[in-house]
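Spelled out, the chains give:
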Amino acid sequence: MDRPRGPVLADAARGRILFGGDYNPEQWPEETWHEDVRLMKEAGVNTVTLGVFSWARLEPRPGEREFGWLDTLMDLMHDNGVGVVLATPTASPPPWMGRLHPETLPRDADGHVEWWGGRQHFSHSSAVYRRYAAAITEDLAARYGSHPALTMWHINNEYCTFDHGDEAAAAFRRWLRDRYGTLDALNTAWGTAFWSQGYDCWEGVLPPRRAHYLNNPSQVLDFRRFTSDMLLECFTAERDIVARHTPHIPVTTNFMPLWTGQDGWRWAEEEDVVSVDLYPDSLDPLAPRSAALVQDLTRSQARGPWMVMEQAAGGVNWRGVNQPKPRGLNRLWSLQAVARGADAVCYFQWRQSRQGAEKFHSAMLGHAGPRGRAFQEVKRLGADLARIGGEVAGTGIGADVAVLHDWHAWWAGDQQGRPSTEVEYGAVLSAWHGALWESAVTCDFAHPEHDLSGYRMVVAPQLYLLTDAAVDNLLAYVRGGGTLVAGFLTGTADQDDRIRPGGMDPRLRELFGIGVLHEWWPLPPGEHVDCEGFSGTLWSEEIDAADTVSETLAYRGGELDGMPAVLRRDRAWYLSTLPEPRALRDLLARIAAGAGVRPVLDGLPPGVEAVRRGGLLFLLNHGRAPVTVPLPGRHLDLLSGTAVTDGVALGRYGAAVLRP
Amino acid sequence: MDRPRGPVLADAARGRILFGGDYNPEQWPEETWHEDVRLMKEAGVNTVTLGVFSWARLEPRPGEREFGWLDTLMDLMHDNGVGVVLATPTASPPPWMGRLHPETLPRDADGHVEWWGGRQHFSHSSAVYRRYAAAITEDLAARYGSHPALTMWHINNEYCTFDHGDEAAAAFRRWLRDRYGTLDALNTAWGTAFWSQGYDCWEGVLPPRRAHYLNNPSQVLDFRRFTSDMLLECFTAERDIVARHTPHIPVTTNFMPLWTGQDGWRWAEEEDVVSVDLYPDSLDPLAPRSAALVQDLTRSQARGPWMVMEQAAGGVNWRGVNQPKPRGLNRLWSLQAVARGADAVCYFQWRQSRQGAEKFHSAMLGHAGPRGRAFQEVKRLGADLARIGGEVAGTGIGADVAVLHDWHAWWAGDQQGRPSTEVEYGAVLSAWHGALWESAVTCDFAHPEHDLSGYRMVVAPQLYLLTDAAVDNLLAYVRGGGTLVAGFLTGTADQDDRIRPGGMDPRLRELFGIGVLHEWWPLPPGEHVDCEGFSGTLWSEEIDAADTVSETLAYRGGELDGMPAVLRRDRAWYLSTLPEPRALRDLLARIAAGAGVRPVLDGLPPGVEAVRRGGLLFLLNHGRAPVTVPLPGRHLDLLSGTAVTDGVALGRYGAAVLRP
Amino acid sequence: MDRPRGPVLADAARGRILFGGDYNPEQWPEETWHEDVRLMKEAGVNTVTLGVFSWARLEPRPGEREFGWLDTLMDLMHDNGVGVVLATPTASPPPWMGRLHPETLPRDADGHVEWWGGRQHFSHSSAVYRRYAAAITEDLAARYGSHPALTMWHINNEYCTFDHGDEAAAAFRRWLRDRYGTLDALNTAWGTAFWSQGYDCWEGVLPPRRAHYLNNPSQVLDFRRFTSDMLLECFTAERDIVARHTPHIPVTTNFMPLWTGQDGWRWAEEEDVVSVDLYPDSLDPLAPRSAALVQDLTRSQARGPWMVMEQAAGGVNWRGVNQPKPRGLNRLWSLQAVARGADAVCYFQWRQSRQGAEKFHSAMLGHAGPRGRAFQEVKRLGADLARIGGEVAGTGIGADVAVLHDWHAWWAGDQQGRPSTEVEYGAVLSAWHGALWESAVTCDFAHPEHDLSGYRMVVAPQLYLLTDAAVDNLLAYVRGGGTLVAGFLTGTADQDDRIRPGGMDPRLRELFGIGVLHEWWPLPPGEHVDCEGFSGTLWSEEIDAADTVSETLAYRGGELDGMPAVLRRDRAWYLSTLPEPRALRDLLARIAAGAGVRPVLDGLPPGVEAVRRGGLLFLLNHGRAPVTVPLPGRHLDLLSGTAVTDGVALGRYGAAVLRP
């Protein structure tokens, strides 16, 4: 937070929307590079990422350097008006590193080595790895820092690895010593009095390796925090090197949204540009709302325009059944990202690999070549983005609602030996955000300790772990006139995963009008519970309401008959079940309306998404059937260049970007 | 068997039913201890188990001792009239043990270490572990042997671990040398002539570690026997220490019923008190009969009153979806245990942990505190038990039927590469015991070599492995006038898992009137086979009946059309399939009636269980709807203190304890 | 191919059909041997395989030899007219080998050791193992090479093991150096430019061990090739030893069809006799066609008569639910193998083991003994085979159709990170072969580089990987007047798993009339796609037909509406989906008819299989209901010895072997 404000995405985008992708020319002969450049221009590509997987090429043997090929490419890009996001290649060390320094290879909880032959086979805690990574970064920054093609730095790739080995164990102990100071404090925080786990010296503390039965959950939680921090150390070490050479060039690393390895709030503070990899599944009917979640989250991390670092022009290769994107979907989903704040739409990757583990992952220029549908659609999209870029880039999005999310709360709740393995944090978060999305209510994401005073309504789908400061913050928010809606398993545990007295923070219980929380009643898969006017899923609770409660909706029938499923005390709401989707949508819409929150547009046909960005209104038809959206007055559709009056016709996967 | 009879449960219970639970005060500040004592008295708690997971607290560094806190607690309990079951803490060694002595950590069949950070991370074969365990046990016994609070010793906890590592391998070889004497005998017993497994020296013999294909099944069987015996050595070593100090104080360790690690018959002989952990699933409609099975088995192991060492006041935390017990169920199921012979009803644990791996496991005093429903119900139960204890404690239960069970038979049958992985010993045992339970026929369990002459009927659901002595015993039982009913896969193998000639012991084939057993025909999941008057599941057999057979019920249709599904020769019955539940119930009831066996009560409404203990009749309504049980004459219900005439009304989960 | 033609199966069979099985007498006392011989004669057994698992018996301690028992058995067999297939025992080393030489034990990709205690615990790359294997083979050959009982050598058993350990890694590097010559060539072939996998020295190259994410697929492919070649080296080393002693005695090893470890085409060239283990599942309604596939494939590998080395007289023990063969099925399926070219019908094993991991695997003489149904049926079959042997043995089978199959294509396509994990090579191959089998069209299997000119029609269900030479061969075949039908994912990749330009070899696209192959569209499980006149499953494709196309059948509805599902250009057909079974059968039948291919017999009732071998017609009724097969003219049924006119009545599982 107190890092001085550095360069930003606009410094690279310069009034345009960036459009391009990862470019791995080392897989191709030089003549192909020239065809690539020609086709990039044809498609309107203005940015490529170079060097993500080039370490073995740049440093074929320890300490050697081969930069000539990259010099050629940097020049070639510059000569053709394509900016370069230059990557440090540190996500995939060359084979020689593991061979000469086996201690750089990570180990899983069972002790299995993760060998080279894939990627990401580096221990975040390895001093040797870090030394080599710093050296290559230093040399890249020195050589290309002043190259005119350079527009951004991309550090490593999709940080996500765990290591349970011995060097990581030593690092974990250092990290814990920093966190807790004394062994007594660690023993207290981890509750080691249970199961005879009290540590008598730091040397006895290990990562959570395979145990006979359940691992200590606080140890597991801290190991996740440690992992995020170690990876962040790797990131900042490289970032500091390039920033020293090029203080004016923004730095990013690409997140994998809702992956487990990184505390995204903390990481975003250390980046100049927040970028994300965005891979909704075209076979998933809920893909547009899943994508919207990632987009809203990323925008909230960025606090402004952000970057799609990777998406797929067609199918991916890592699901069970990988279908391509049907005609029009690539364009629609790209425009959705722009609508929700992206100023850069990039792909993995420019040209589809003919070899290796990702040769079935699609690309802007697929195996079918320039005649292929994928490339033809990429060209069209490039033209669209060029058309709207000037009016869109740099503009912001307003939201009256915040969805609270915290990686630590997720990690803490996602433990062995909990009330229900059916409860998945991501699914609950998605259910709540999706309910708002269905209502065309624009929302941000926020950390529970963020300043929430600007929002009319704040929802907390499942903040299992809440610090004292976060509880303070929520109480102050409601006291200040805000409307708070919380879901079950909120405020259950403190920062160390210690259950709050009474099973929920007493101040929160008071806030919501909960008297006694007798029991959690998770529901078996497929079962639901009847409530007043709706069905609940996944979870229910045996609660006595306090006298102070303002309003309840009761369970009907079963063991909980008559007990409150939903409680409200003044402006604070608590949902002790997960209402089925339509009911959750309607309930949140009702509460939002009461808090003065309005949807982007009334009367939207099903499947049509509406977002206001800057002065523009984006309309996106996620259906295959054409629709007409009623829209009073006259607007200009920037995409088609035509004027529309009192309604906008959208074809299959159609979009409009409307200026009043 | 020839161990001198020592102290018994009655020495601790002293005419009461023990009521209480595991108490882990080291998790709480001292002020909480005083609240605990106050609430224990409020709830009628008269016993707690201390020290199960206290090793790291008692011995924070190797050889050090910290007893002060435990002194305080022992005194506090005594001062408040709460007896103490004092545990040896050896189920969970402190972290320093693994750190300083890595060889104390077990390894699984793949070679993975089971690290500290959970519990039970000790190798039963480790000399170092055993030395430390003996030392702490010695010191505990010396210090508290004469403390007036001490009522019982609880050794270790839920013994269940396997070790495939090198020290265990050496111990396995010693155990095998004891069993077989010569390498030739081992080679013969294991059938090593097959697959070229002949051992040329003892050093070549290993635990059954990961193999390319199927492991030798006799080796696996002996490894299970060895594991049970090693764990038993750990138990008896500690038992002998405490017994030396306190010959008058009974000793127990808590079994996990139908878990795989222990030969329960052999273990029970080494205990003064047989105790068990009892965790039926409130989501399972068959939970009451599953519980009855464990209760009958434990009573049979104890040959008298026994102890519920652990149950849950509400939900557990290790299933997928863990629901609490609905209102009344904790009381009902506790009374069921008493009805079936328990003189102690205890919980894991007294106060719910706020931290650690079991903080979602319920407790007598849950997160909701004294106002929570769980605690309120515990109080009621405490009062109930106090009310009936004087008339119940120490009394016995009569049974005319024995269900044969042998852990070795189970282990032997549960092998890789068998006719059907659908056949699970526990499920078959449960189907047979459940059929008798449904008919309100009280039964004991017995080992196939036990004296069976006191029973009118003996059933053998699936004794895949039978020793020659066991076959002798069964033949003698029938010769002596007993009625024997056996299920498929009985008498298939001898003590070394060697298939008996003809696929079933020839004397048993003769006993049942089986001519040729051509083929086993296991059924695919979900399929059944039509028989004369009923459906068979899971299994069928191609059999020619012998001329001597008295009666058969035939298969109808399919490949086995006309062949016998059920054979009887005089008083010996054989079922070559598993009849569906209703059919099995009716068939066993018919055979039982023929053998002169009567149900506890005729005309019981569905879902009502009836058991006679001592002079009392327990009636238990497992349904949520109220019922009336017709009962001629006048009885006093000890629970309500009211008299009932010609019928007993039982509400939802209601119970009555009736004295004529 | 250029190995001099050696002895053949006929040298062992001598005008008979060999009938017998694995015989493991070391499990039994000597008196049993004499009973065995008596019963073998009763059953018409004329061959047994000795010694497959006898290493520990023959060499109880390193370097020792115990041959006496085997001398006795060889003499006993000879004295009773039973020929011996003598096995080298090298599939299961004695325990002392792993104990004294741990480096002989294989490791899996995670680094886990495969210990002794099962079988096949040898590393193909271990010099120590190979030395011991050669020594025992040498001594066996020297001792028994001139024994009159000896008719064939059986090397090892079911070669199938992988090893990822260090000695295998060194061997892998040697193998790669032989294949590629230079590290540059390896880097090119493996596409190591992607993900920074470029190797700077040979020492860095490893087997594909556990990686963080996807392994390099070309590395995995080469590891499979290497594994096949290492195992083949083990085979040829032993073969060369025995062939030196007995150049006149044929040598075999038993394949496991469609298992992954061996390149069957290459292996078959190194064998005198091709033998196979044949285990269709009696619970699988498609078992007869699965068996036919294995039989056709084995015959094609053998290029003449072949040997069933192992089948089960009843059930096996390695499936989930293992049912025996119903009455008549053992005979029917044995005759099917003979119909499709087998001159030897053998079993694992002669006498069912009473101990060990396979005691539930059936045998010719099962647990039920001589009175058991299994043995009675074996006797009948022995008589049948003796009756027909003289007219059948040595004769051939003609086929106008070839199904192309290549293990390398399978291995290459079976990679992580591919378009659809639902696509299984074996299932697709089986669907195509099964469609032809349903139409009573006899077919061979062929390698894509074989001379195909003798076939009227060639089908390529899924040759994902095709070398340039194979493409040349297919083009030449069509140019020469042949009809080619290819399924999707044919010609996708080159010999290194490098995607061909445009996603399919351009010459093949031209051949089939494919313009642009835009996208692969795999279908989710259970979904299908409508096509003109049929339904497609599993897969579909977005294709523009070229102008040159002769005929198409289009997709109907959905994203691919109107695009070609089936394309034909002249005599070259391409199916971009997998038609549902009936449609595939009819389509292939139509194409076959157009190519002049005739079924064996017209008007066959459903479930009846017809094959012509030599001058005989085999009719096999796979149904349980009796049928009559119309057959003009008069034939003699060799099995029954009766004449039939204008039709053949076949009972349940009935068979006829007809001479015109």
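- As named in an unreviewed UniProt entry, chain A is Beta-galactosidase, taken from Streptomyces chilikensis.
- Per UniProt, chain A has the following entry under Sequence similarities (unreviewed entry): "Belongs to the glycosyl hydrolase 42 family."

### Brief notes about the interface of chain B and chain C
So, step 1. Contact residues are listed per partner, giving 56 residues for chain B and 57 residues for chain C.
So, step 2. If you look at where chain B meets chain C, you find 6 salt bridges.
So, step 3. Residue Asp-108 of chain C is joined to Arg-210 of chain B by a salt bridge in which the shortest nitrogen-to-oxygen separation is 2.7 Å.
So, step 4. Put simply, chain B and chain C have 30 residue pairs in polar contact (both at pLDDT 80 or more) between them.
So, step 5. At the level of elements, helix 8 (183-190), helix 9 (217-245) and strand 14 (514-522) of chain B are the ones that each hand at least two residues to the side of chain B that touches chain C.
So, step 6. The leading source of residues in the side of chain B that touches chain C is strand 14 of chain B, at 8 residues.
So, step 7. Across the side of chain B that touches chain C, the residue classes tally to 24 nonpolar, 19 polar and 13 charged.

### What about the side chain of Arg-173 of chain A?
Residue and element names in this part refer to chain A.
So, step 1. Turning to its location among the elements, Arg-173 is positioned in helix 7 (residues 166-180).
So, step 2. In this structure Arg-173 is buried but unpaired, with Glu-203 as the nearest side chain of opposite charge at 5.6 Å.
So, step 3. Not counting residues within four places of it along the chain, the set of residues in contact with Arg-173 comprises Trp-202, Glu-203, Val-205 and Leu-206.

### Some points on helix 16 (residues 468-479) of chain C
Residues and elements named next belong to chain C.
So, step 1. Given a rise of 1.5 Å per residue, 12 residues ought to cover 16 Å, and the 16 Å separating the end C-alpha atoms of helix 16 matches this to within 8%.
So, step 2. Among the residues making up helix 16, those that are buried are Ala-470, Val-471, Asn-473, Leu-474, Leu-475, Tyr-477 and Val-478.
So, step 3. Where helix 16 is buried, its residues meet strand 10 (401-404), strand 12 (457-460), strand 13 (483-487) and helix 17 (506-512).
So, step 4. Positive backbone phi, at 105°, marks Gly-481, one or two positions downstream of helix 16.

### Things to note about the pairing of strand 17 (residues 539-545) of chain A
Residue and element names in this part refer to chain A.
So, step 1. Where burial is concerned, most of strand 17 is hidden: 5 out of the 7 residues are buried.
So, step 2. Inspection of the sheet shows strand 14 (residues 514-522) paired to strand 17 by 7 bridges, in the antiparallel sense. Residue pairing across strands places Glu-519 opposite Glu-542, the latter belonging to strand 17.

### Things to note about the interface of chain C and chain A
A common way to report how large an interface is uses the accessible area buried once the components associate.
So, step 1. Taken residue by residue, the interface counts 56 residues in chain C and 56 residues in chain A.
So, step 2. Interface of chain C and chain A: buried area, both sides summed, is about 4,800 Å²; carbon and sulfur atoms make up 56% of it.
So, step 3. Among the residues of chain C in contact with chain A, Phe-194, Trp-195 and His-212 of chain C are the three that bury the most area, contributing 16% of the side total.
So, step 4. For the pair chain C and chain A, the number of links is 6 salt bridges.
So, step 5. Where chain C touches chain A, the interface holds 30 residue pairs in polar contact (both at pLDDT 80 or more).

### Description of the relation of the copies chain B and chain C
So, step 1. When chain B is fitted to chain C, the best match, at an RMSD of 0.0 Å, comes from turning it 120° and sliding it 0.0 Å along the axis. Between the two chains, the operation in question is that of a three-fold axis. For chain B, the minimum C-alpha distance to the rotation axis belongs to His-112 of chain B and amounts to 5.1 Å.
So, step 2. Interface overlap between copies: only 2% of the residues of chain B at the interface are likewise at the interface in chain C, consistent with a contact formed by different surfaces.

### Let's talk about the packing of helix 11 (residues 287-302) of chain C against helix 15 (residues 425-438) of chain C
For any two helices packed against each other, one specifies the crossing angle of their axes together with the interaxial distance.
Residue and element names in this part refer to chain C.
So, step 1. In the contact formed by helix 11 and helix 15, the axes pass within 9 Å of each other and the chain directions differ by 100°. With respect to their mutual orientation, helix 11 and helix 15 come out roughly perpendicular. Contact residues: Pro-288, Arg-289, Ala-292, Leu-293 and Asp-296 in helix 11; Leu-429, Ser-430, Ala-431, His-433, Gly-434, Trp-437 and Glu-438 in helix 15.
So, step 2. For the contact of helix 11 with helix 15, the class distribution of residues is 6 nonpolar, 3 polar and 3 charged.

### Concerning the UniProt feature "domain: Glycoside hydrolase family 42 N-terminal" (unreviewed entry) in chain A
So, step 1. Look at the UniProt record and you will see "domain: Glycoside hydrolase family 42 N-terminal" (unreviewed entry) annotated at residues 22-387 of chain A.
So, step 2. For residues 22-387 of chain A, the helix share is 42%, the strand share is 9%, and the end-to-end C-alpha distance is 23 Å.

### Focus on the confidence of the model for chain A
So, step 1. With 99% of its residues at a pLDDT of at least 70, chain A reaches an overall mean of 97.
So, step 2. Across the whole predicted complex the pTM is 0.97, and at the interface the ipTM reaches 0.97.

### Overview of the UniProt feature "domain: Beta-galactosidase C-terminal" (unreviewed entry) in chain A
So, step 1. Listed under "domain: Beta-galactosidase C-terminal" (unreviewed entry) in the UniProt record, and renumbered for this structure, are residues 607-659 of chain A.
So, step 2. Between the C-alpha atoms that bound residues 607-659 of chain A there is a distance of 22 Å. The span itself is 0% helix and 70% strand.

### Remarks on the packing of helix 7 of chain A against helix 8 (residues 183-190) of chain A
All names here are of chain A.
So, step 1. Two numbers describe how helix 7 lies on helix 8: the axes approach to 9 Å, and their chain directions differ by 90°. Judged by the angle between their axes, helix 7 and helix 8 are roughly perpendicular. The residues of helix 8 that touch helix 7, namely those facing Phe-172, Leu-176 and Tyr-180, are Ala-185, Leu-186, Ala-189 and Trp-190.

### Details of the environment of Leu-293 of chain B
Residues and elements named next belong to chain B.
So, step 1. Looking at the secondary structure, you find Leu-293 in helix 11 (residues 287-302).
So, step 2. Judged by its relative accessible area of 3%, Leu-293 falls in the buried class.
So, step 3. Remark: the alpha-carbon pair of Leu-293 and Leu-429, spanning 136 residues in sequence, is separated by 9.0 Å.
So, step 4. With sequence-adjacent residues up to four places away left out, Leu-293 is seen in contact with Leu-258, Leu-429, Ser-430, His-433 and Phe-445.

### Let's talk about the packing of aromatic side chains
So, step 1. Counting across every chain of the model gives 90 aromatic pairs over all chains.
So, step 2. Measuring from centroid to centroid gives 6.2 Å for Trp-350 of chain A and Phe-375 of chain A, while their planes differ by 80°, and the two rings are edge-to-face. Taken as a pair, Trp-350 of chain A in the loop between strand 9 (342-347) and helix 13 (373-392) and Phe-375 of chain A in helix 13 lie far apart in primary sequence, 25 residues in all.
So, step 3. For Phe-375 of chain A, a relative accessible area of 0% corresponds to the buried category.
So, step 4. Above the plane of the ring of Trp-69 of chain B lies Arg-57 of chain B, whose end atom (NZ or CZ) is 5.0 Å from the centre.
So, step 5. In this structure, Arg-351 of chain C is placed above the aromatic ring of Trp-28 of chain C, and the distance from its NZ or CZ to the ring centre is 5.2 Å.

### Points about the pattern of salt bridges
Residue and element names in this part refer to chain A.
So, step 1. Applying the stated criterion to the full structure yields 147 salt bridges over all chains.
So, step 2. Put simply, Arg-65 and Glu-59 hold a salt bridge, and the shortest N to O gap is 3.3 Å.
So, step 3. Since its relative accessible area comes to 1%, Glu-59 is described here as buried.
So, step 4. Here Arg-130 makes a salt bridge to Glu-233, at a shortest N to O gap of 2.6 Å. Of this pair, Arg-130 sits in helix 6 (residues 127-144) while Glu-233 sits in helix 9 (residues 217-245); the two residues are 103 residues apart in sequence, bridging distant segments of the chain.
So, step 5. Relative accessible area serves as the criterion here: at 37%, Glu-233 is assigned to the partly exposed category.

### Thoughts on the sheet that holds strand 8 (residues 306-310) of chain B
Residues and elements named next belong to chain B.
So, step 1. Here we have 9 strands laid out as an open sheet, ordered 5-4-3-2-1-9-8-7-6, and parallel in their pairing. In this open sheet, the two strands that pair with only one neighbour each are strand 5 (251-252) and strand 6 (254-255).
So, step 2. When strand 8 meets strand 9 (residues 342-347), the two strands line up parallel, connected through 3 bridges. Looking at the pairing, Trp-306 lines up with Ala-342 of strand 9.
So, step 3. Sheet contacts for helix 11: strand 6, strand 7 (275-277) and strand 8; angle to strand 8, the most-contacted strand, approximately 125°.
So, step 4. In this fold helix 13 (residues 373-392) packs onto strand 1 (18-23) and strand 9, with an angle of close to 135° to the strand it touches most, strand 1.

### Notes on the relation of the copies chain C and chain A
The relation between the two chain copies is a rotation about an axis coupled with a shift along that axis.
So, step 1. Mapping chain C onto chain A leaves a residual RMSD of 0.0 Å; the transformation is a rotation of 120° accompanied by 0.0 Å of translation along its axis.
So, step 2. When the interface residues of chain C are mapped onto chain A, a mere 2% of them again lie at the interface, so each copy presents a different face.

Each value, and the rule that gives it
Residues numbered from 1 in each chain as written. Chains lettered and ligands numbered in written order. Predicted model: local features only at pLDDT ≥ 70, side-chain atom pairs only at ≥ 80, totals over all residues. Heavy atoms only, no water. UniProt positions renumbered as here; feature names shortened; annotations may be inferred. Contact = heavy atoms within 4.5 Å. Salt bridge = Lys/Arg side-chain N within 4 Å of Asp/Glu carboxyl O. Polar contact = N/O pair within 3.5 Å; in protein donor to acceptor, adjacent residues only side chain to side chain. Helix = DSSP H or I, 4+ residues; strand = E, 2+ residues; numbered from the N terminus. Nonpolar A, V, L, I, M, F, W, Y, C, P; charged D, E, K, R; others polar. Buried < 20%, exposed > 50% of the residue type's maximum accessible area, 1.4 Å probe, protein only. Lys, Arg positive; Asp, Glu negative; His and termini not counted. Expected span 1.5 Å × (residues − 1). Pairing = 2+ DSSP bridges. Buried area = accessible area lost by both parts, 1.4 Å probe. Least-squares fit on C-alpha atoms with pLDDT ≥ 70 in both. Axes fitted to C-alpha atoms, helices over the stretch in contact; angles between N-to-C directions. Parallel < 35°, antiparallel > 145°, perpendicular 65-115°, else oblique. pLDDT = per-residue confidence, 0-100. Phe/Tyr/Trp six-rings, centres within 6.5 Å; stacked < 30°, edge-to-face > 60°. Lys NZ or Arg CZ within 6 Å of the ring centre and 35° of its normal.

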